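# Descriptive structure summary
Spelled out, the chains give:
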Amino acid sequence: MTETLTPTKPRCPGTRKDGSPCRAQPTTSGWCPWHDPDRTEAEKLGWVRKGGLTSRPSTIPDAPDPTWATPEDVQRSVVETHGMVTRGELSSDVASVRLKACEAWMRVYETQKIREQLEALEQLAGQKLERRWG
Ligand SMILES: [Zn+2]
């Protein structure tokens, strides 16, 4: 009897801030550098700066669609994204996609606002003409 279990890659047993398993590739200590209790804060930060956290999944499968209604919502999202990248909770790939989405949303919003103002002006101009000729 031979078992045909595919060997699973070793994963860091640590947990992330949100409580989900870390799953980063562990070093010889069995922990990823971030969760290794023997590493100093400086060593950990050095590892992150070297791109150690890029081994994180670059997508968030359960992430909800952003519900942006106002420019303030988008602004919050930009600040939040920046914070998450700084804390190593988000890969820079995902972050740049998010920030691009923020930019695109703002462009659409501004275009919409300009169109609304233009229509209002046109209406105003039309009323004035009517008054002059009517
Ligand atoms: Zn870890």
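Our subject is the structure listed above.
Anyway, here's the lowdown on the structure attached to this text. (Residues numbered from 1 in each chain as written. Predicted model: local features only at pLDDT ≥ 70, side-chain atom pairs only at ≥ 80, totals over all residues.)

## What to know about the overall build of the chain
- Scanning the chain from terminus to terminus reveals three helices and zero strands.
- Along its sequence from the N terminus, the chain presents helices and strands in the succession α-α-α.
- A burial count over the chain gives 9% of its 134 residues as buried.
- When contacts within the chain are restricted to residue pairs at least 6 apart in sequence, those whose partners lie at least 24 apart make up 31%. (Helix = DSSP H or I, 4+ residues; strand = E, 2+ residues; numbered from the N terminus. Buried ≥ 20, exposed ≤ 12 C-beta atoms within 10 Å, placed from the backbone. Contact = placed C-beta atoms within 7 Å.)

## A word on unusual backbone geometry
- Backbone geometry at Arg23 places phi at a positive 65°, although glycine is not the residue there.
- You can see Arg23 is positioned in the segment before helix H1 (41–49).

## A closer look at the environment of Arg16
- Turning to its location among the elements, Arg16 is positioned in the segment before H1.
- Residue Arg16 is classed as partly exposed on the basis of its C-beta count, with 16 C-beta atoms lying within 10 Å.
- Distance from Arg16 to Glu89, taken between C-alpha atoms, is 8.4 Å for residues 73 residues apart in sequence.

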